[in-house]
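A look at the structure
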Amino acid sequence: MDNKAIVKKEEDFAKWYTSIVRAAHLCDYSSVKGCMVIEPNGYAIWEKMQEILDKKFKELGHVNVQMPLLIPENLLKKESDLVEGFAPEVAWVTLGGSKELEERLAIRPTSETMFSDYYHTHINSYKDLPKLYNQWCNVMRWEKETRPFLRSREFLWQEGHTIHASEKEAENETKQMIEVYRWFHNEILAIPSITGLKTPKETFAGAEYTLTNEALMYNGVALQSGTSHYFGQKFSKAYDIKYTNKDNKLDYVYQTSWGTTTRMIGGLIMVHSDNYGLVLPPRIAPKQVVIVLITGNEEETNLANKYKDELLKDGISVYIDDTDKSPGFKFAEAEVNGIPVRIEIGARDLKDGKITIARRDTREKTIIPSDIDIASYVKELLEIIQNDMYQRAVERRDSLTFKAHNMKEMKEILDKQPGFIHAMWCGNEECENKIKELKGCKSRCIIQDGERIDYNCVCCGKPGKYHVIWGIQY
RNA sequence: CGAGAAGUAGCACAGCUUGGUAGUGCACCACGCUUGGGACGUGGGGGUCGCAGGUUCGAAUCCUGUCUUCUCGACCA
């Protein structure tokens, strides 16, 4: 039996999630609440995410920098909305050795302030613009309730902070980066996601507006997965980021920030995984193929090495499991770790010149000739798995997508099954608050080119100005 | 932050009521034998019982505090 039992998804989704995290060795608890040990399997996924996103960021002209971990209190206080928004969850350093600090230092919950302070002293001319900086780092937010990957006090993320000479250019950047997140979720993580505008109530502290990428988990709960903020000149005025423009006049820069986190690992689990363990889409799987030797004899070993070389040559990541565990153990272990494709080489099949290939997502096995062009066969199979996983996720999301025309319908849907609920909204925060009384249902985003579902607000019945997606969130 | 539950070996748990030598299964190590869905045999190693106080001759067990985890709710830019 497995030493890490997996709870059944249908019986208790929350416990199932945690058991997958532990069974697949993605992370473990530490002695500090909300601060996780990200284990090799989990960190490898994060590295793969970094690799793909970082390449995309750089293609779009961004460069990486590293800002300090600590922010002096006076610096953090300069932008009042930001301070207010983050105050309840900032952790402070008050001692240096045994000596009390004259000014306490915040452990960064986000780095707008540090970037702004840096830009303040480094921008003089329109020729210095734009600055397209990003950093990969850890941040800390003193959350009360924590869950592995979904909500931790310390987490890893990337935060892009850019400044521009024109409003239009900054707005284009904001839009461009939310598109990157949408692309990443749909194409790489096989998680169908929707982008839209946050309502003012849900907008990032200090931003003029926030664009968000929203995904729906298997249980119908929404997960915010990547946000991109447009700051206009709010921060540049608070932090005095001025430059001389072409007309020899002083002007403030236009600013953006955008980020996504290790929370996406939680999203991967909650969209794709099953009762046998993790299921990873091939494009994000750190190891795409495992070759399992049944007896480990010379013939099996030689063929495995040949396959490995051919697959590696084609850019497919692969490893051979030649431990002396029983075949069943190796199969189960590869499954719990979510390896997309498993090649089983055994003496029995080899006698007939055959091997067995198993795909993780469906757990189907196929017996094929051993002299097949393994690289092109596997390459095609990985693409099929990627697409099938995406299609299944789309179907699941669509089956959990509803329309509501009034509060009665809204309540009926939420009582039965949470999901994405499309409904019109008048734009009044009072209605948002009333809807929130229904099981904590909140606006996910305003769909900008969405259809008109109704003429009236789902809550108050006044003219419905916006097509909003509502849902219960993590 | 509120309500509830839990913390004993890597994992799952028993022991606690009624204080008296730290247990079981799996995992781990060695050897042997095996190998197509989590094999088997023999032997072996591993624990300040979450932490800190208290009661007691003596605490995993009783008392107080605290930390951590889980579930449900409140909160969540």
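In case you missed it, the structure is sitting above this.
These notes cover the structure that comes with them. The model shown is predicted, which means the values in this text are computed figures rather than measured ones.

1. Structural notes on helix H1 (residues 13-23)
- Counting buried positions over the 11 residues of H1 gives 8, a clear majority of the element.
- Of all the residues in H1, the buried ones are Phe 13, Trp 16, Tyr 17, Ser 19, Ile 20, Val 21, Arg 22 and Ala 23.
- On its buried face, H1 sits against strand S1 (27-29), helix H8 (263-272) and helix H10 (327-336).
- His 25 sits one or two residues past H1 and shows a positive phi near 55 degrees.

2. Looking at the sheet that holds strand S6 (residues 99-107)
- Spatial ordering of the open sheet is given by S4-S6-S5, a layout of 3 strands whose pairing is antiparallel. With partners counted over all chains shown, the strands left at the sheet margins are strand S4 (70-72) and strand S5 (91-96), one partner each. The sheet shows a mean angle of 45 degrees between the axes of neighbouring strands, taken without regard to direction.
- Looking at chain direction, S5 and S6 are connected through 5 bridges and run antiparallel. Directly across from Ala 91, in S6, lies its bridge partner Ile 107.

3. Focus: the pairing of strand S23 (residues 466-471)
- Counting buried positions over the 6 residues of S23 gives 5, a clear majority of the element.
- Across 5 bridges, the pairing between strand S22 (residues 442-447) and S23 is antiparallel. By the bridge assignment, Lys 442 is partnered in S23 with Gly 471.

4. Overview of the nonpolar core
- Among the nonpolar cores identified, the biggest contains 52 residues, and Leu 26, Ile 45, Met 49, Phe 184, Leu 189 and Ile 284 are the most heavily contacted of them.
- Considering each element in turn, this core owes the most residues, 7 residues, to helix H6 (residues 167-188).
- Filtering out sequence-adjacent residues up to four positions away, Met 49 remains in contact with Phe 184, Leu 189, Met 264, Ile 265, Leu 268 and Ile 284.
- In terms of nonpolar packing, the next biggest core, distinct from the first, is built from 26 residues, Leu 303, Ile 355, Leu 381 and Ile 385 among them.

5. Brief notes about the environment of Ile 52
- Inspection of the secondary structure puts Ile 52 in helix H2 (residues 40-59).
- Spatially, the C-alpha atoms of Ile 52 and Arg 283 are 9.5 Å apart, while their sequence positions differ by 231 residues.
- Every residue in contact with Ile 52, bar those within four places of it in the chain, is listed here: Trp 183, Phe 184, Ile 188, Arg 283 and Ile 284.

6. Comments concerning the packing of helix H9 (residues 298-313) against helix H12 (residues 374-399)
- The N-to-C vectors of H9 and H12 enclose an angle of 60 degrees; their axes lie 8 Å apart at closest approach. With respect to their mutual orientation, H9 and H12 come out oblique. Of the two elements, H9 crosses H12, and the hand of that crossing is right-handed. On the side of H9, the interface is formed by Tyr 307, Glu 310 and Leu 311, while H12 contributes Ile 374, Ala 375 and Val 378.

7. Observations concerning the side chain of Gln 158
- Secondary-structure assignment places Gln 158 in strand S8 (residues 154-164).
- At a separation of 2.5 Å, a polar atom in the side chain of Gln 158 contacts the side chain of Tyr 181.
- With residues near it in sequence (within four places) discarded, Gln 158 still touches Phe 57, Asn 134, Gln 135, Trp 136, Tyr 181, Trp 258, Gly 259 and Thr 260.

8. Considerations on unusual backbone geometry
- The omega torsion of the bond from Leu 129 to Pro 130 falls at -5 degrees, within 30 degrees of zero and hence cis.
- Within the fold, Pro 130 resides in the loop between helix H5 (112-122) and strand S7 (131-140).

9. Some words on the packing of aromatic side chains
- The final tally for this structure, using the stated rule, is 16 aromatic pairs.
- Taken together, a centroid distance of 6.2 Å and an interplanar angle of 45 degrees make the contact between Tyr 118 and Tyr 133 tilted. Taken as a pair, Tyr 118 in helix H5 and Tyr 133 in strand S7 lie far apart in primary sequence, 15 residues in all.
- Judged by relative accessible area, which is 29%, Tyr 118 ranks as partly exposed.
- By relative accessible area, Tyr 133 is classed as buried at 12%.
- Taken together, the ring pairs in this structure connect Phe 86, Phe 204, Phe 231, Phe 235 and Tyr 239 into an aromatic cluster.
- Sitting above the plane of the Phe 329 ring, Lys 325 keeps its charged end 4.6 Å from the centroid.
- Above the ring of Phe 331, the side-chain terminus of Lys 365 is found at 4.5 Å from the ring centroid.

Procedures and definitions
Residues numbered from 1 in each chain as written. Chains lettered and ligands numbered in written order. Predicted model: local features only at pLDDT ≥ 70, side-chain atom pairs only at ≥ 80, totals over all residues. Heavy atoms only, no water. Buried < 20%, exposed > 50% of the residue type's maximum accessible area, 1.4 Å probe, protein only. Helix = DSSP H or I, 4+ residues; strand = E, 2+ residues; numbered from the N terminus. Contact = heavy atoms within 4.5 Å. Pairing = 2+ DSSP bridges. Axes fitted to C-alpha atoms, helices over the stretch in contact; angles between N-to-C directions. Core = buried A, V, L, I, M, F, W, Y, C linked by side-chain atoms within 4.5 Å. Parallel < 35°, antiparallel > 145°, perpendicular 65-115°, else oblique. Left-handed = near helix turned anticlockwise from the far one by under 90°. Polar contact = N/O pair within 3.5 Å; in protein donor to acceptor, adjacent residues only side chain to side chain. Phe/Tyr/Trp six-rings, centres within 6.5 Å; stacked < 30°, edge-to-face > 60°. Lys NZ or Arg CZ within 6 Å of the ring centre and 35° of its normal.

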